[in-house]
Amino acid sequence: MHLLNSKDIVEKIKLDIKKECDELGFKPGLATVLVGSDPASSVYVKSKIKTCKEVGFESFDFNFDDTATTAQIINTINQLNNNPLVHGILVQFPLPSRIDSSAVINSISPNKDVDCFHPFNLGMFFSGQSSFAPCTPTGVMALLKSIPNYSLEGKEALIIGRSNLVGKPMAILLMEEHATVTLAHSRTKDLSVHSKKADIIIAATGIPNIITGDMVREGVVAIDVGITRILDPLTSKYKIQGDLDFNSVKDKAFAITPVPGGVGPMTIVSLLLNTMTLAKQSK
Ligand code: GUN
């Protein structure tokens with residue numbers, strides 16, 4: 001069984017980026033925009049900022065409190081669009097429900113849309129014309145490709161979750177690698193019918209333990225995108241719980257990601273790679 005711990009891949013990509021950064025002659029700049037006080041989002045953004053600094057990027061951090069309006073956020077994004085030191089703009093999702101998320105996404109210049117969320121970039125991506133893709137699915141692909149002697153061609157891949165952030169772009173990337181894709185979601189009638197025949201399962205629902213060992217076949221490759229913060233009754237501390245019931249799924253898996261330490265860090269290095277791509281394209 002391969003434990004798809006992302007640590008080694010992450011360290012290697014970070015070293016490569018640091019070297020590229022030193023040779024570039026200028027610092028790629030990433031701006032992060034965080035709205036509200038969701039503790040998980042704050043942790044992720046802090047981690048993104050820290051990793052940026054480690055590889056030699058410039059980071060520009062904007063924090064809005066819960067009273068921020070859509071217009072205020074868009075105003076800041078307009079300034080970042082015009083700032084030549086900023087090459088990538090990341091607005092952390094989810095935004096509070098009273099903020100118009102589509103208007104915020106649409107205000108980011110497609111040339112600085114490091115998440116590949118803008119409709120123009122999504123159109124380029126869906127039509128196979130883009131040099132980058134959304135961060136989490138890109139990170140998942142890198143993990144899948146790291147499995148020794150494993151080809152995605154012709155594999156039955158089940159994605160659970162249809163979000164614009166993960167599920168939909170994940171389907172495109174897997175199809176580009178010639179996998180046969182099934183996309184399940186909250187209204188799927190019988191998830192286990194699909195999960196039992198899947199060679200690859202990518203779970204991105206945010207529902208802890210939605211996939212258990214009895215729902216998967218022997219030899220499955222199981223990728224866990226879930227990161228739910230739950231109170232551990234044993235320690236009374238918060239911990240991160242994935243969508244897979246790790247212990248029961250691992251016994252049947254050919255390869256499996258841990259949570260934490262699997263997909264999460266890959267999302268961050270994809271962000272660095274996308275920032276580097278945009279920085280280079282800006283010249
Ligand atoms: N929230 C969870 N994942 C992501 C991501 O990849 N990008 C942004 N902007 N927000 C997220």
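Definitions and cut-offs
- Residues numbered from 1 in each chain as written.
- Predicted model: local features only at pLDDT ≥ 70, side-chain atom pairs only at ≥ 80, totals over all residues.
- Heavy atoms only, no water.
- Helix = DSSP H or I, 4+ residues; strand = E, 2+ residues; numbered from the N terminus.
- Expected span 1.5 Å × (residues − 1).
- Buried < 20%, exposed > 50% of the residue type's maximum accessible area, 1.4 Å probe, protein only.
- Contact = heavy atoms within 4.5 Å.
- Pairing = 2+ DSSP bridges.
- Right-handed = clockwise from strand over helix to strand, strands pointing away.
- Core = buried A, V, L, I, M, F, W, Y, C linked by side-chain atoms within 4.5 Å.
- pLDDT = per-residue confidence, 0-100.
- Near = heavy atom within 4 Å.
- Polar contact = N/O pair within 3.5 Å; in protein donor to acceptor, adjacent residues only side chain to side chain.
- Areas by Shrake-Rupley, 256 points an atom, 1.4 Å probe, with all protein chains shown as cover.
- Nonpolar A, V, L, I, M, F, W, Y, C, P; charged D, E, K, R; others polar.
- Axes fitted to C-alpha atoms, helices over the stretch in contact; angles between N-to-C directions.
- Left-handed = near helix turned anticlockwise from the far one by under 90°.
- Phe/Tyr/Trp six-rings, centres within 6.5 Å; stacked < 30°, edge-to-face > 60°.

## Observations concerning helix 2 (residues 39-54)
A turn of α-helix holds 3.6 residues, and therefore any two residues three or four places apart point the same way. Between its first and last C-alpha, helix 2 extends 23 Å over 16 residues, near the 22 Å set by a 1.5 Å rise per residue. Among all positions of helix 2, only Ala40, Ser41, Ser42, Val45, Lys48, Ile49, Thr51 and Cys52 are buried. Taken together, the buried residues of helix 2 touch helix 1 (7-24), strand 2 (29-35), strand 3 (58-64), strand 4 (88-91), strand 9 (228-232) and helix 10 (263-281). The positive-phi residue at the C-terminal boundary of helix 2 is Gly56, with phi of around 95 degrees.

## A short note on the sheet that holds strand 1 (residues 2-3)
The parallel open sheet is built from six strands, whose spatial order is 1-11-8-7-5-6. Sheet topology places strand 1 and strand 6 (180-184) at the edges, where each strand pairs with a single neighbour. Note: strand 5 (residues 156-160) against strand 7 (residues 200-203), four bridges, orientation parallel. Paired with Ile159 across the bridge in strand 7 is Ile202.

## As for the pairing of strand 6
Note: strand 5 against strand 6, five bridges, orientation parallel. Bridged to Ile160 within strand 6 is Ala184. In this fold, strand 5 hands off to helix 7 (residues 167-176), which returns the chain to strand 6; that crossover is right-handed.

## Brief notes about the nonpolar core
Ranked by internal contacts, the top residues of the largest apolar core, which has 47 residues, are Leu144, Leu174, Ile202 and Ile223. Among the elements of the structure, helix 1, helix 5 (119-126), helix 6 (135-145), strand 5, helix 7, strand 7, strand 8 (220-224) and helix 10 are those that each provide at least two residues to this core. Leaving out residues up to four positions away in the same chain, Ile223 has contacts with Leu4, Val140, Leu144, Ile201, Ile202, Ala203, Leu244, Thr257 and Val263.

## Examining the pairing of strand 10 (residues 237-241)
Each regular strand displays side chains that alternate between the two surfaces of the sheet. As judged from the five bridges shared by strand 9 and strand 10, these two strands associate in the antiparallel manner. When the sheet's bridge partners are listed, Leu231 is paired in strand 10 with Tyr238. In sequence, strand 9 turns back onto strand 10 through a hairpin of four residues, with Ser236 there showing a positive phi of about 60 degrees.

## Side note on the confidence of the model for the protein
Low-pLDDT portions of the prediction should not be read for the details of their coordinates. Across the protein, pLDDT averages 96, with 100% of residues at or above 70. Mean pLDDT values for the elements of the protein range from 90 in strand 9 up to 99 in strand 5.

## Details of the site of the ligand
Lining the immediate environment of the ligand, one finds Leu90, Val91, Gln92, Phe93, Asp115, Phe117, Thr136, Leu165 and Thr267. Residue Gln92 places a side-chain N or O atom 3.2 Å away from a nitrogen atom belonging to the ligand. Phe93 has a polar backbone atom sitting 2.9 Å from a nitrogen atom of the ligand. Protein burial of the ligand: of its 280 Å² of free accessible surface, 84% is covered by the chains. The residue inventory of the shell around the ligand, partitioned by class, reads five nonpolar, three polar and one charged.

## Focus on the packing of helix 6 against helix 7
Two elements in contact, helix 6 and helix 7, have axes whose closest approach is 9 Å; the angle formed by their N-to-C orientations is 40 degrees. Classified by chirality, the crossing of helix 7 by helix 6 is right-handed. In this structure, helix 6 contributes Pro137, Thr138, Val140, Met141 and Leu144 to the contact, and helix 7 contributes Pro169, Met170, Leu173 and Leu174. Of the residues contributing to the contact of helix 6 with helix 7, the split by class is eight nonpolar, one polar and no charged.

## Structural notes on the packing of aromatic side chains
Under the criterion given, the structure shown has three aromatic pairs. Relative to Phe117, the ring of Phe93 lies with its centre 5.8 Å away and its plane at 80 degrees, an arrangement referred to as edge-to-face. One end of the pair, Phe93, is in the loop between strand 4 and helix 4 (101-107); the other, Phe117, is in the loop between helix 4 and helix 5, and 24 residues separate them in sequence. This pair shows no difference in class: Phe93 is buried, exactly as Phe117 is. Summarising the aromatic geometry, the rings of Phe125 and Phe126 are spaced 5.6 Å apart at their centres and angled 50 degrees between planes, so their arrangement reads as tilted.

## Some words on the side chain of His118
By the secondary structure assignment, His118 is in the loop between helix 4 and helix 5. Owing to a relative accessible area of 12%, His118 belongs among the buried residues under this scheme. Apart from residues no more than four positions distant in its own chain, His118 is found in contact with Ile105, Asn106, Ile108, Pro110 and Asp113.

## A closer look at helix 3 (residues 70-81)
Taking 1.5 Å of rise per residue, the 12 residues of helix 3 would be expected to cover 16 Å, and the 16 Å separating its terminal C-alpha atoms lies within 8% of that figure. On its buried side, helix 3 packs onto strand 2, strand 3, strand 4 and helix 4.

## As for the sheet that holds strand 3
Spatial ordering of the open sheet is given by 3-2-4, a layout of three strands whose pairing is parallel. Each edge of the open sheet carries a strand with a single partner, namely strand 3 and strand 4. Each strand axis lies, on average, 15 degrees off the axis of its neighbour in the sheet, ignoring direction. Strand direction decides the pairing type here: strand 2 and strand 3, joined by seven bridges, are parallel. Residue pairing in the sheet places Val35 in a bridge with Phe64 of strand 3.

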